[in-house]
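# Secondary and tertiary structure notes
Residues per chain are reported as follows:
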Amino acid sequence: YPKATNGPFSISTEVGPSPYNADKYLLHIGVQGKVIPQADRPPANLVFLLDVSGSMKQVNKLGLLKNGLKMLTKQLTAKDSVAIVVYAGAAGTVLKPTSGDNKTAIIDALMQLSAGGSTNGEAGIEGAYRLAQKAFKKDGINRIILATDGDFNLGTVNRNALTNLIENKRKSGIELSILGFGAGNYNDDLMQKLAQQGNGNAYYIDTLHEARKVLVEELSSTLFTIAKDVKIQVEFNPTLVSEYRLIGYESRALKRSEFNNDKVDAGEIGAGHSVTALYEISFIDSKNKAHDALRFQPTSKSITTEQHTDELAFLRLRYKPANTEVSQLIKQPINKSATKLTMESSSDNFQFSAAVAGFAQVLRGGENLSTMAYNDIIDLAQRSKGDDKHGYRAEFINIVKLAQALAPLIDNQANMLVRHK
């Protein structure tokens, strides 16, 4: 998305045809955080909190974790410090706060780690926060990076108790990010919740390619928060829009009354971080609506004002600058006259985002899709791939192709199970 030139964000909006259902449209919202050059990044106090329990004893878990953090370490300088805390049946300090330019000591400590024992996440979290507090950098980045497969089976395993623990710790100015590894017992929902409570983000690492993306190319975004408690609200004009649905974000939804409440926690945005939101909408004169018109709705004439006749929607973004607890508000109208009438005339970002969100909906059963299948997703993604510098978009297209190839097998297995029962 366009670079932020005035303030911490740029906001771009686009409206075009929906590939999911005929006679519907997509509202595409892109928020781009201000990019902070690596040389301008504040000094970082990092504590690696590493799960070395028995469940991590796999190449795609502890082995990948070591190599990922090794890549991160190579980006650090003398202004930074790193400490390492591990936890399994018990927690302990493997490396006391060490200068970021002493890469040999940090990497040696990482490479010597081995997995075994049960998982006591609570003890590890407590120990990591104590160490981070000792090495606290005023006006710097103070962050714990928890790397785990998400299997907490000792200590505090109650979800509310864990989230309350993290929420209390963030008040000290120390933030939490999470790197998730492995499959099977990985609790993505819990990891997302813990990261949100710790004013950080959760990332899932399944390849070295993804580790490099998160820990090298997007290092500033991963470490440096530029805005916290970021909330987006979209108000649709009922004289132009008859219905809408937000695609995804079920776990991030807020009540209307919570938007202006600065005490309500929301997501954080790091330097250079981008956020995408998609709404599928039906215009008033649309022939394809999910709902019949309400009998007792006010007529469009009774609520139309000349001042807003072209306003399709009104976007509000509320955020707190990283160093304050008082929120600020950005407002921006979205006009119907700017609507793209064909998919081909819309931007690559619009089309590729639509393909990704379409794939997610297919994987969840596709109940809201009538004009999109695997081939449509692949075609849309391929023609909007654009300048794919690191190959991430090509990787997505390959994932869709694999899912398409596996889909008949999944259906057959399901049918066999039904007949057997």
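Structure shown above.
All of the points below concern the structure found in this document.

Over the atoms, a rolling probe the size of a water molecule traces out where space has been left empty. Taken as a whole, the second largest pocket holds about 700 Å³ of empty space. Lining the second largest pocket are 26 residues, and of these Gly 173, Glu 175, Lys 228, Ala 322 and Asn 323 lie nearest its centre. Of all the secondary-structure elements, those providing two or more residues to the lining of the second largest pocket are strand S6 (141–148) and strand S9 (225–236). Grouping the constituent residues of the lining of the second largest pocket by class yields 7 nonpolar, 7 polar and 12 charged.

In this structure the tally under the stated criterion is 1 cavity of 30 Å³ or more. Each pocket or cavity is described by its volume, and for the largest cavity that value is around 40 Å³. Looking at the largest cavity, the residues that line it are Arg 143, Asn 199, Gly 200, Asn 201, Ser 221, Thr 222, Thr 225, Glu 268 and Gly 270. Mapped onto the lining of the largest cavity, the elements with two or more residues apiece are helix H7 (219–223) and strand S11 (267–270). Counted by class, the lining of the largest cavity contains no nonpolar, 7 polar and 2 charged residues.

This paragraph deals with the pairing of strand S14 (residues 328–335). Two strands pair when backbone bridges link them, and strand S13 (residues 311–321) and S14 are joined in this way by 8 bridges, in the antiparallel orientation. The partner of Arg 316 across the bridge, within S14, is Lys 331. Here S13 folds back onto S14 in antiparallel fashion, the turn holding 6 residues.

Attention now goes to the packing of aromatic side chains. Throughout the structure, instances matching the rule amount to 8 aromatic pairs. Measuring from centroid to centroid gives 4.4 Å for Phe 236 and Tyr 244, while their planes differ by 25 degrees, and the two rings are stacked. Pairing Phe 236 with Tyr 279 gives two aromatic rings, centres 5.3 Å apart and planes at 70 degrees, and the pair type is edge-to-face. Taken as a pair, Phe 236 in strand S9 and Tyr 279 in strand S12 (residues 274–283) lie far apart in primary sequence, 43 residues in all. For the pair formed by Phe 236 and Tyr 279, the shared burial category is buried. Taken together, Phe 352, Phe 359, Tyr 374 and Phe 396 form an aromatic cluster joined through their ring pairs.

Our focus in this paragraph is the sheet that holds S9. One open sheet accounts for 4 strands, arranged S11-S9-S13-S14; its pairing is antiparallel. Each end of this open sheet is capped by a strand with a single partner; those strands are S11 and S14. Neighbour-to-neighbour, the strand axes of the sheet open up by a mean angle of 35 degrees, direction not taken into account. Relative to S13, S9 runs antiparallel, the two sharing 8 bridges. From the neighbouring strand, Gln 233 faces S13, where its bridge partner is Arg 316.

The contact between helix H1 (residues 59–73) and helix H6 (residues 208–217) brings their axes to 9 Å, and the two run at 35 degrees. Between H1 and H6 lies a crossing of right-handed hand. Contact residues: Leu 64, Asn 67, Gly 68, Leu 69, Met 71 and Leu 72 in H1; Leu 208, Ala 211, Arg 212, Leu 215 and Val 216 in H6. Taken together, the residues of the contact of H1 with H6 break down into 8 nonpolar, 2 polar and 1 charged.

Right, let's get into the side chain of Lys 231. Relative to the assigned elements, Lys 231 resides in strand S9. Comment: no salt bridge for buried Lys 231; closest opposite-charge side chain is Asp 262, at 5.2 Å. Here the side chain of Lys 231 touches Glu 258 through a polar contact of 2.9 Å, landing on its backbone oxygen. At a separation of 2.7 Å, a polar atom in the side chain of Lys 231 contacts the main-chain carbonyl oxygen of Asn 261. In contact with Lys 231, other than residues within four places in its own chain, are Leu 254, Glu 258, Phe 259, Asn 261, Val 264, Ala 266, Arg 316, Leu 317 and Arg 318.

The rules behind each value
- Residues numbered from 1 in each chain as written.
- Predicted model: local features only at pLDDT ≥ 70, side-chain atom pairs only at ≥ 80, totals over all residues.
- Heavy atoms only, no water.
- 1 Å grid on protein atoms, 1.4 Å probe; cavity = no way out; pocket = protein on both sides within 12 Å on 5 of 7 lines; lining within 4 Å.
- Points joined across faces, edges and corners; volume = space filled by probe spheres on them.
- Helix = DSSP H or I, 4+ residues; strand = E, 2+ residues; numbered from the N terminus.
- Nonpolar A, V, L, I, M, F, W, Y, C, P; charged D, E, K, R; others polar.
- Pairing = 2+ DSSP bridges.
- Phe/Tyr/Trp six-rings, centres within 6.5 Å; stacked < 30°, edge-to-face > 60°.
- Buried < 20%, exposed > 50% of the residue type's maximum accessible area, 1.4 Å probe, protein only.
- Axes fitted to C-alpha atoms, helices over the stretch in contact; angles between N-to-C directions.
- Left-handed = near helix turned anticlockwise from the far one by under 90°.
- Contact = heavy atoms within 4.5 Å.
- Lys, Arg positive; Asp, Glu negative; His and termini not counted.
- Salt bridge = Lys/Arg side-chain N within 4 Å of Asp/Glu carboxyl O.
- Polar contact = N/O pair within 3.5 Å; in protein donor to acceptor, adjacent residues only side chain to side chain.

Everything listed is a geometric property; what it means functionally is a separate question.
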